[in-house]
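# Tertiary structure, described
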Amino acid sequence: MQKIKIKNTDLPELSPFGLGTVNAGLSWDHEDAFKIFESYLAAGGNLIDTAHVYSDWIPGEIARAERVVGEWIRNRGHHDDFVLITKGGHPRNETMNISRMSKEEMTGDLDDSLKQLGVDCVDIYFYHRDDLNRSVEELIETMEDFRRAGKIRYYACSNWTTKRMKEADEYARKMGYRGFVANQDMFNIGVKRMNPFSDPTMVVCDPEMLEYHKNSDNLLMPYMGVCSGFFHLLKNKGIDAVKDMCYNTEGNLKVADGIFKLCDEKGYTITQALLGFFRVQDFDVLPLASADNMSQLEELEKALNMEYDPKDYEFLKNC
């Protein structure tokens, strides 16, 4: 298995992709959730990603995904064999234009997350969004306070621009801090050719950001790695099923032809072919992936140990 090391940390080497929990408490819960988590670890995975906000759109739910992860951790009695990620500071879904990243709001989110997860410390804690009205100095110092308090081991960012990450890096170096260890932005095989995404608070990884990560100790952890199911729907249900999706462009339809051909030649599933895109980059990329059920999880688990050839993705140059 290809392992990924986050530089200048004492975190273990990480599996090629992390298990996302956006479906926890929806598609799977309780004993089914325990089976999914344990199966992922048994297959060699060791990064589990959740967030404080993974419940806000479900009436009556409180920290749904963190609750599911926490129940599993309590049931097994330890969490020393995987890296645990959660995120805070996400705006309220009904007021996405209003930031929630004051120190008081971040402290509340983190303390809630620790309670739901049933742990004293999170391995990597993410800012789920950015607030351009707050200085990077303020935001880094908030995370450093959490680290000094023993609530988190490392901190990271999600949906930050390259400019802001560089500013944060510069401040962290000046202060002698490790700084951000990872960045979660939207990156996949289709983003280069897609139409603008509907949520402007989500940051798409562009060429400038890719170059930044090639020369940074900040590991890129992309979300939406399977393009929101665009290529799956196109293959299984046809063009009408994807006509309103942002990925539905002439360029991505050409990409689809290449992916489907690759699947036929190599015996990959579409998901496995999409994950292979990250493995053939010329720098470390650790995508997040999720599953609705055990069958989908088994598909992901096989991808953990697959070998991918960069030559198989050269068709992208002509798309």
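Since the structure is predicted, the reported quantities are computational estimates derived from the model, not experimental observations. (Residues numbered from 1 in each chain as written. Predicted model: local features only at pLDDT ≥ 70, side-chain atom pairs only at ≥ 80, totals over all residues. Heavy atoms only, no water.)

## Things to note about helix α2 (residues 64-76)
Between its first and last C-alpha, α2 extends 19 Å over 13 residues, near the 18 Å set by a 1.5 Å rise per residue. Judged by how many residues are buried, α2 sits mostly within the fold: 10 of 13 residues are covered. Looking at the packing, one finds that the buried side of α2 touches α1 (30-42), β2 (47-49), β3 (83-88) and α3 (103-117). Positive phi shows up at glycine 77, right after α2, with a value of about 90°. (Helix = DSSP H or I, 4+ residues; strand = E, 2+ residues; numbered from the N terminus. Expected span 1.5 Å × (residues − 1). Buried < 20%, exposed > 50% of the residue type's maximum accessible area, 1.4 Å probe, protein only. Contact = heavy atoms within 4.5 Å.)

## Quick notes on the sheet that holds strand β6 (residues 180-184)
With parallel pairing, the eight strands of this open sheet are ordered in space as β7-β6-β5-β4-β3-β2-β1-β8. A single partner strand is all that each edge strand has here, and the edge strands are β7 (219-220) and β8 (288-289). As paired elements, β6 and β7 share two bridges and run parallel to each other. Bridged to asparagine 183 within β7 is leucine 220. Across the sheet, α1 is in contact with β1 (18-20) and β2; its angle to β1 comes to roughly 170°. (Pairing = 2+ DSSP bridges. Axes fitted to C-alpha atoms, helices over the stretch in contact; angles between N-to-C directions.)

## A word on unusual backbone geometry
Unlike most non-glycine residues, methionine 224 shows phi in positive territory, near 55°. The topology assignment puts methionine 224 in the loop between β7 and α7 (230-237). Residue classification places methionine 224 among the partly exposed positions, given a relative accessible area of 25%. Positive phi, close to 55°, is recorded for serine 228, a residue that is not glycine. As for its position among the elements, serine 228 is in the loop between β7 and α7. Take serine 228: its relative accessible area is 41%, and that puts it in the partly exposed class.

## Some words on helix α5 (residues 162-175)
The end-to-end C-alpha distance of α5 is 20 Å, a good match for the 20 Å that 14 residues give at a rise of 1.5 Å each. For α5, every residue scored as buried is listed here: Thr162, Arg164, Met165, Ala168, Asp169, Tyr171 and Ala172. Against the buried residues of α5 lie α4 (136-148), β5 (152-158), β6 and α6 (207-214). Just past α5, the residue glycine 176 takes up positive phi, approximately 80°.

## Thoughts on the pattern of salt bridges
Counted according to the given criterion, the structure contains 21 salt bridges. Across the pair glutamate 167 and lysine 163 runs a salt bridge, and its minimum N-O distance is 2.7 Å. Taken together, the positions of glutamate 167 and lysine 163, both in helix α5 and four residues apart, correspond to about one turn of that helix. A residue is classified by how much of its surface remains accessible, and glutamate 167, at 29% relative accessible area, is partly exposed. Exposure remark for lysine 163: the relative accessible area of 57% places this residue in the exposed category. (Salt bridge = Lys/Arg side-chain N within 4 Å of Asp/Glu carboxyl O.)

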